[in-house]
Protein chains: 2
Amino acid sequence: MGRQVTGMDQWADMYSQRATHLRESEIRALFAVVSRPEVVSLAGGMPNIKDLPIARLAESAKQLILSHGPQAMQYGSGQGWGPLREQIGNVMSYEGSNPNPDNVVISTGSQQALDYVTQIFINPGDVIVAEAPSYVGALGVFAAYQADVVHVPLDEDGLIPQALEETLADLKKVGKRVKFLYTVPNFHNPGGVTMSLERRPQIVEICRRHHVLVLEDNPYGLLGFHSEPIPSLHSLAPDTVIYLGSFSKMFAPGFRIGWAVAPPAIRQKLVLASESALLSPSMVGQMAISGYLSDYNWYGQVKAFQGMYEERCQAMMDALQEYLPDCTWTKPTGGFYTWVTVPEGIDTKEMLPRAVTGQVAYTSGTAFYADGQGRQNIRLSYCYPEPDVIREGVRRLSIVMNREKELVELFGPSPKTSPEKK
Amino acid sequence: MGRQVTGMDQWADMYSQRATHLRESEIRALFAVVSRPEVVSLAGGMPNIKDLPIARLAESAKQLILSHGPQAMQYGSGQGWGPLREQIGNVMSYEGSNPNPDNVVISTGSQQALDYVTQIFINPGDVIVAEAPSYVGALGVFAAYQADVVHVPLDEDGLIPQALEETLADLKKVGKRVKFLYTVPNFHNPGGVTMSLERRPQIVEICRRHHVLVLEDNPYGLLGFHSEPIPSLHSLAPDTVIYLGSFSKMFAPGFRIGWAVAPPAIRQKLVLASESALLSPSMVGQMAISGYLSDYNWYGQVKAFQGMYEERCQAMMDALQEYLPDCTWTKPTGGFYTWVTVPEGIDTKEMLPRAVTGQVAYTSGTAFYADGQGRQNIRLSYCYPEPDVIREGVRRLSIVMNREKELVELFGPSPKTSPEKK
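Residues numbered from 1 in each chain as written. Chains lettered and ligands numbered in written order. Predicted model: local features only at pLDDT ≥ 70, side-chain atom pairs only at ≥ 80, totals over all residues. Heavy atoms only, no water.

S.K.: Tell me about the overall build of chain A, residues and numbers included.
M.R.: When helices and strands are tallied, chain A shows 13 helices and 14 strands. Its C-alpha radius of gyration of 22 Å places chain A within 12% of the 22 Å reference for a compact globule of 422 residues. In terms of its C-alpha atoms, chain A occupies a principal-axis envelope of roughly 65 × 60 × 55 Å. For chain A, with 422 residues in total, the buried portion stands at 65%. Put simply, of all contacts in chain A between residues at least 6 apart along the chain, 78% involve residues at least 24 apart. (Helix = DSSP H or I, 4+ residues; strand = E, 2+ residues; numbered from the N terminus. Rg over C-alpha atoms; globule rule 2.2 N^0.38 Å. Buried < 20%, exposed > 50% of the residue type's maximum accessible area, 1.4 Å probe, protein only. Contact = heavy atoms within 4.5 Å.)

Listed below in structure tokens is the structure:
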């Protein structure tokens, strides 16, 4: 009785169009494999939270329930708790923004805010312009809403303004409706690059001229290495930018609290989307985060995280230098990831099972494109493993890759990586 | 800079079709007004959680973070935490179900599971059959996905099988695609009635014959007054029923943890929907609920809640008897609500502002229909106010209603309540 997959789905004729566009992300598919303890995972994006002051946080949780239990355990408002929305304004001031708390909408992680934004703008076939490559979780949402994603290249200074201009002009020529630009300007996931200060006003201006919204997704913004936060796109043009923020990387993901800031009319629709999908986000989660922001030196903790991640990044850079001299990679100045380009002929997606057999996991570049590109790239993350584990992971990867190169030399490149297939 | 609603929305041409179908629920619109302390609100569905063992729960929260902090504050799986899915199986066994934890999907409150189910089945124009009246939050989700809701009447024994049979046959005749029946079988919101034991297999059988899924929404199932739980529809036909459960009423809503149980193929799609919309539900919330289920006499607490809500229900029944003898109302055997029919000619939606002026709030019956019915009904909730406050609220309502009756006698009924407008 409902206990097994029988192979037959009697409801197969009932699903919505949209259900057929939901797809398993390559990262999620990998999850079971890479959580085996003998595998070094350079695949995930889990922050390192064991350095948080756990004992103090435990005491705070107790005090929260003791002093505010009936409020913390009750329903809240669909837009999110007022005091936390105020504090989010303060967090964003580090990047030069000064949002009215009325325009902040709290969500179950910023992923959900991404879903709301996509929901309220995208009809099937509408175009979203996004960096090449782009965050896999965003591509999943965009696919679910049947958006047509058009990639625009980035370089070491982030999204290339001229390429954006040309892409938008080309799309206009063929009559395509572009709803928004999706960008991760800081410490890009998966690219590991950061949009330069010079380019920021240019990008915003190009979008404004083409009447295209900017969706700025910024979970890593405060995690630059030994650097002050960079002014957000939102700080330059709050009327044109929807900003997504998250506590998952600067604090911890387990409370699932993120937020969106949007111009008032859009914010109103986001609140309706939240009420419809959720009624209200978790009050316990919101109040715990609020307490963390008010009772702790949260920015000091961010600084500590910066140093810790910088050390791990350096361990990865050193290991790449030593073990994978045939590859090229981006040099992150913050965040969790570097983007590696492997020698021609190697297909990183096809290599992955052999890497896992070799007890190392990465994410194939194909996860980060809507159009099948990325077979010559991998995303390596240095956020979760300790430096010596990172080093060991890259060493194992080099063994796998050297074998792969021998195969390519013997039998020729994988047909999928030949230029005409790209 | 983005600080006020200017009246002009420069992005007004950009919204999706779906965004135009998001609507503010009548309950949410009321929220600001009814939270004024001088107003007695019989409008909301907030559970009374101040009777929970707050001090012990505070200590549990501390221990959770202390012992399992790095896990509780980390990302989890999109389907939800395994141990909690096991425990949910145990909770459901009280109603005769025996779900495989593999088929349980955890969500941010059962509202979100409702959204997932609607998302994976409903294309614009598809039909959902639902009780008349139905839960306002479900109607909001169905509207957002542009479903066509067809109401089927219920009586004191719940949804009427013959009416369901006729409705489904009629819809088939006109070529309409019915995807599922949405039902709240226990202590109906807002109807206050419960589907009889006799009708349950009939309802399931009718749906099976018409190849229509059953979406069983059961947040109040364990909150029957001095009664054993009633076998769920899911327990009768796990291959035909998607079950939605919630900890919000039997424990507390602030963690926002609910769940769905579905046949394997459907469950798979629900997991994809969860991963896309959310990545994963809150681990802190899931582990807190799990701890509550394992370390507390949770069913004893449910029993205590039953007695407390029964006393409040009785206070409302007595007050209605005393103050509103011209009305009729349902006699709940559990749950939070009674459904009141007011004398002909009174329009409960139009009366509401005058009720709030008279310092009492209710929810107009119109909130619970997709088709504008309900002007002669109100939902009164007895879950949150104390018995003497309930009594005072009904007394105030009687004053408002008596004035309204005088107006009707003087000027005739509101045009909207005349039969030809129904």
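S.K.: Got a sec to walk through the interface of chain A and chain B? Specific residues and values, please.
M.R.: Counting residues at the interface gives 97 residues for chain A and 97 residues for chain B. Here chain A and chain B share an interface that buries about 8300 Å² over both sides, 60% of which is from carbon and sulfur atoms. Broken down residue by residue, the surface that chain A buries against chain B is led by A:Trp11, A:Met73 and A:Tyr75, which jointly contribute 9%. Taken together, the connections running from chain A to chain B amount to four salt bridges. Residue A:Asp13 pairs with B:Arg177 through a salt bridge whose shortest N-O separation is 3.6 Å. Only helix H2 (54-72), helix H4 (110-121), helix H5 (136-144), strand S6 (178-183), helix H9 (264-278) and helix H10 (283-295) of chain A provide two or more residues apiece to the side of chain A that touches chain B. (Buried area = accessible area lost by both parts, 1.4 Å probe. Salt bridge = Lys/Arg side-chain N within 4 Å of Asp/Glu carboxyl O.)

S.K.: How would you explain the relation of the copies chain A and chain B if you had to name every residue and give the values?
M.R.: Take chain A, turn it by 180 degrees, move it 0.0 Å along the axis, and it overlays chain B with an RMSD of 0.0 Å. Between the two chains, the operation in question is that of a two-fold axis. Of the C-alpha atoms belonging to chain A, the one lying closest to the rotation axis is found on A:Lys62, 2.5 Å away. Interface residue correspondence from chain A to chain B reaches 100%, placing this contact among same-surface, isologous pairings. (Least-squares fit on C-alpha atoms with pLDDT ≥ 70 in both.)

S.K.: Give me the packing of aromatic side chains: which residues, what numbers.
M.R.: Residues and elements named next belong to chain A. Enumeration according to the criterion identifies 36 aromatic pairs over all chains in this entry. On the basis of an interplanar angle of 10 degrees and a centroid distance of 5.7 Å, the ring pair of Phe251 and Phe255 is categorised as stacked. The class of Phe255 is buried, set by a relative accessible area of 9%. Taken together, the ring pairs connect Tyr220, Phe305, Tyr309, Phe336 and Tyr337 into an aromatic cluster. (Phe/Tyr/Trp six-rings, centres within 6.5 Å; stacked < 30°, edge-to-face > 60°.)

S.K.: Could you give an account of a nonpolar patch on the surface, naming the residues involved and the relevant values?
M.R.: All names here are of chain A. A surface patch of nonpolar side chains, about 370 Å² in accessible area, is lined by Leu407, Leu410 and Phe411. Inspection of the secondary structure puts Phe411 in helix H13 (residues 387-411). On the accessibility criterion, Phe411 (67% relative accessible area) is exposed. (Patch = residues over 30% accessible without salt bridge, like charges linked within 9 Å, V, L, I, M, F, W, Y side chains within 5 Å. Areas by Shrake-Rupley, 256 points an atom, 1.4 Å probe, with all protein chains shown as cover.)

S.K.: Report on helix H13 (residues 387-411) of chain B, specifying residues and quantitative values.
M.R.: Count 3.6 residues to each turn of an α-helix, and residues three or four apart come out pointing the same way. Residue and element names in this part refer to chain B. If you check H13, its first and last C-alpha atoms are 36 Å apart, about what 25 residues at 1.5 Å a residue would give, namely 36 Å. Where H13 is concerned, the buried positions are Ile390, Gly393, Val394, Arg396, Leu397, Ser398, Val400, Met401, Glu404, Lys405 and Val408. On its buried face, H13 is in contact with strand S1 (40-41), helix H11 (298-323), helix H12 (348-357), strand S12 (360-361) and strand S14 (377-381). (Expected span 1.5 Å × (residues − 1).)

S.K.: Quick one: what's the story with the pattern of salt bridges, residue by residue and with numbers?
M.R.: Opposite charge on two side chains makes pairing possible when the charged atoms of those side chains draw close. Evaluation of the coordinates by the stated rule reveals 40 salt bridges over all chains. Here B:Lys179 and B:Asp126 are joined by a salt bridge, their closest N and O atoms 2.6 Å apart. With B:Lys179 in strand S6 (residues 178-183) and B:Asp126 in the loop between helix H4 (109-121) and strand S3 (127-132), this pair connects stretches of sequence that are 53 residues apart. Judged by its relative accessible area of 9%, B:Asp126 is buried. Taken together, the shared-partner salt bridges connect A:Lys50, A:Asp51, A:Arg312 and A:Glu386 into one network.

S.K.: So what about the sheet that holds strand S11 (residues 337-341) of chain A? Which residues, and what values?
M.R.: All names here are of chain A. If you walk across this open sheet you meet the four strands as S10-S11-S14-S13, and the pairing is antiparallel. Strands with a single pairing partner mark the edges of an open sheet, and in this sheet they are strand S10 (328-329) and strand S13 (363-364). Two elements, S10 and S11, share two bridges in a ladder whose sense is antiparallel. What sits directly across from Thr328, in S11, is Thr341. Set on the sheet, helix H11 (residues 298-323) makes contact with S10, S11 and strand S14 (377-381); between it and S11 the angle comes to about 15 degrees. (Pairing = 2+ DSSP bridges. Axes fitted to C-alpha atoms, helices over the stretch in contact; angles between N-to-C directions.)

S.K.: Report on the pairing of strand S2 (residues 104-107) of chain B, specifying residues and quantitative values.
M.R.: All names here are of chain B. A two-sided burial pattern is seen for S2, the buried positions comprising Val104 and Ile106 on one face and Val105 and Ser107 on the other. Summarising the sheet, S2 and strand S9 (residues 258-261) pair through four bridges and their orientation is antiparallel. Paired with Ser107 across the two strands is Gly258, which belongs to S9.

S.K.: Quick rundown of the sheet that holds strand S4 (residues 148-155) of chain B? Include the residues and the values.
M.R.: Residues and elements named next belong to chain B. Reading across from one edge, S2-S9-S8-S7-S6-S3-S4-S5 is the order of the eight strands in this open sheet, with mixed pairing throughout. With one partner strand each, in any of the chains shown, S2 and strand S5 (158-159) form the two edges of the open sheet. Note that S3 and S6 share four bridges and pair parallel. Opposite Val127, over in S6, you have Val178 as the bridge partner.

S.K.: I'd like a description of the environment of B:His68, backed by residues and values.
M.R.: Residue and element names in this part refer to chain B. Relative to the helices and strands, His68 is located in helix H2 (residues 54-72). Separated by 133 residues in the primary sequence, His68 and Pro201 have C-alpha atoms spaced 44 Å apart. With residues up to four places along the chain from it excluded, the contact list for His68 reads Gln63 and Met287.

S.K.: Which residues make up the nonpolar core, and what values go with them?
M.R.: In terms of nonpolar packing, the biggest core is built from 161 residues, with A:Leu52, A:Phe247, B:Leu52, B:Met73, B:Phe247 and B:Trp259 touching the most fellow members. The residues contacting B:Met73, other than those within four sequence positions of it, are A:Ile49, A:Leu52, A:Ile54, A:Leu57, A:Ala252, A:Pro253, A:Gly254, A:Phe255, B:Ile65 and B:Val284. Residues A:Ala113, A:Ala277, B:Tyr15 and B:Tyr135 belong to the second largest nonpolar core, which totals 98 residues. (Core = buried A, V, L, I, M, F, W, Y, C linked by side-chain atoms within 4.5 Å.)

S.K.: Please give an account of the environment of B:Leu272 that cites residues and values.
M.R.: In this structure, B:Leu272 sits in helix H9 (residues 264-278). For B:Leu272 and B:Gly245, which are 27 residues apart along the polypeptide, the C-alpha to C-alpha distance reads 19 Å. Setting aside residues no more than four positions away along its own chain, B:Leu272 makes contact with A:Leu22, A:Arg23 and A:Glu24.

S.K.: An account of the environment of A:Thr194 is needed here, citing residue identities and associated values.
M.R.: Residue and element names in this part refer to chain A. Looking at where Thr194 falls in the secondary structure, it is placed in the loop between S6 and helix H7 (199-209). The exposure class of Thr194 is buried, given its relative accessible area of 12%. Here the alpha-carbon distance between Thr194 and Gln286, two residues 92 residues apart in the chain, equals 30 Å. Residue contacts for Thr194: discarding those within four places in its chain leaves Glu156, Asp157, Gly158, Pro185, Asn186, Phe187, Arg200, Ile230 and Thr333. Here Phe187 takes part through its backbone nitrogen, which lies 2.9 Å from a polar atom of the side chain of Thr194. (Polar contact = N/O pair within 3.5 Å; in protein donor to acceptor, adjacent residues only side chain to side chain.)

S.K.: Go over unusual backbone geometry, please, and point to the residues and values.
M.R.: Note that the residue after A:Asn189, namely A:Pro190, is joined by a cis bond; omega there is 10 degrees. Along the chain, the position of A:Pro190 falls in the loop between S6 and H7. With an omega dihedral of 0 degrees, the bond running from B:Ala132 to B:Pro133 counts as a cis peptide bond. Tracing the sequence through the fold places B:Pro133 in the loop between S3 and helix H5 (136-144). At A:Arg256, a residue that is not glycine, the phi angle is positive and equals roughly 55 degrees. Tracing the sequence through the fold places A:Arg256 in the loop between strand S8 (241-246) and strand S9 (258-261). Judged by its relative accessible area of 3%, A:Arg256 is buried. Unlike most non-glycine residues, B:Gln146 shows phi in positive territory, near 60 degrees. Mapped onto the secondary structure, B:Gln146 falls in the loop between H5 and S4.

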